[in-house]
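Commentary on secondary and tertiary structure
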Amino acid sequence: MLHPPEVTIRVWDLPTRLFHWLLAVTIAGSLVSANIGGNAMVWHIRLGCVVLALIAFRLLWGFVGGRWSRFASFVYAPATVQRYLRGQQRPGEHLDVGHNPLGSFSVFALLALLAVQVATGLVADDEIATTGPLNRFVSGALAGRATGWHANWGQWILLALVALHVGAILYYRFVRQTNLVRPMISGDKPLPAGTPSSNDNLATRGLALLLAAACAALAIWVYRQGG
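Residues numbered from 1 in each chain as written. Predicted model: local features only at pLDDT ≥ 70, side-chain atom pairs only at ≥ 80, totals over all residues. Heavy atoms only, no water.

Some remarks on the packing of aromatic side chains
- Going through the model one piece at a time under the given rule, you end up with six aromatic pairs.
- With a centroid separation of 5.5 Å and 20° between ring planes, the pair formed by Phe57 and Trp61 is classed as stacked. Placement of both Phe57 and Trp61 in helix H2 (residues 41-64) is noted, with a separation of four residues, approximately one turn of the helix. Taken as a pair, Phe57 and Trp61 share a single burial class, namely buried. (Phe/Tyr/Trp six-rings, centres within 6.5 Å; stacked < 30°, edge-to-face > 60°. Helix = DSSP H or I, 4+ residues; strand = E, 2+ residues; numbered from the N terminus. Buried < 20%, exposed > 50% of the residue type's maximum accessible area, 1.4 Å probe, protein only.)

Quick notes on the pattern of salt bridges
- In total, this model carries five salt bridges according to the counting rule given.
- Measuring nitrogen to oxygen at the nearest pair gives 3.0 Å for the salt bridge that ties Arg205 to Asp200.
- Overall, Arg205 belongs to the partly exposed group, its relative accessible area being 32%.
- With a relative accessible area of 15%, Asp200 lands in the buried category.
- Residues participating in the shared-partner salt-bridge network are Arg10, Arg17, Asp188, Asp200 and Arg205. (Salt bridge = Lys/Arg side-chain N within 4 Å of Asp/Glu carboxyl O.)

Focus on the nonpolar core
- Membership of the largest hydrophobic core comes to 37 residues, with the highest contact counts inside it found for Leu23, Phe57, Leu114, Leu122 and Leu158.
- Those elements that provide at least two residues to this core are helix H1 (14-36), H2, helix H3 (78-85), helix H4 (101-122), helix H6 (153-174) and helix H8 (202-224).
- With nine residues, H2 is the single largest residue contributor to this core.
- What Phe57 contacts, discounting residues up to four positions off in sequence, is Pro15, Phe19, Ala208, Leu211, Ala212 and Cys215.
- Formed by seven residues, the second largest nonpolar core is a distinct cluster that contains Trp12, Trp68, Met184 and Leu191. (Core = buried A, V, L, I, M, F, W, Y, C linked by side-chain atoms within 4.5 Å. Contact = heavy atoms within 4.5 Å.)

Right, here's the structure in full:
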């Protein structure tokens with residue numbers, strides 16, 4: 001059976017790539033600052049607000065971004081996931097172009113957990129010197145429960161998801177001989193001719209800039225509530 005020739009296809013648009021790497025750096029900084037404590041907690045809160053802006057942007061970009069960044073491209077029916085696991089991909093499904101059915105679970109789980117971590121962090125109170133910028137809007141009991149989750153279960157689950165994500169990258173790189181990092185840097189993947197590409201032009205980047213500015217304004221407003 002002849003396979004169609006491979007060509008370079010733009011899969012990840014620039015806004016998605018910038019989101020990915022900024023989120024990775026911000027999560028790392030948040031975890032480090034939380035474990036240092038003390039004066040570093042000021043940066044922990046600031047970085048948390050950056051994560052808020054990034055998550056808000058990604059949620060919006062999931063509806064208007066490039067083809068393979070849209071949620072519609074990686075929300076799979078259970079039957080599709082089962083066929084993918086059995087290696088029964090149908091022609092034209094393109095399940096391995098963007099986020100495959102297994103990778104999509106990781107994406108949604110990470111976005112959901114980060115949303116919860118940000119929300120609980122914004123109202124948290126460590127009863128020492130640090131309170132989230134929205135703490136004054138909730139009761140002490142709710143703040144206590146949020147703090148407990150944020151500093152314990154939430155943090156450990158986040159670490160587990162990050163480890164799983166890194167492990168999956170290493171598995172694909174050394175077992176399946178597929179480099180998942182390079183496309184997230186360049187945006188391109190070698191794929192069969194005819195594979196749909198993502199729009200990544202000045203218009204889409206301009207839209208992303210406007211959305212990012214709105215999300216940043218939201219995060220700044222939230223941060224200033226603690227002043």
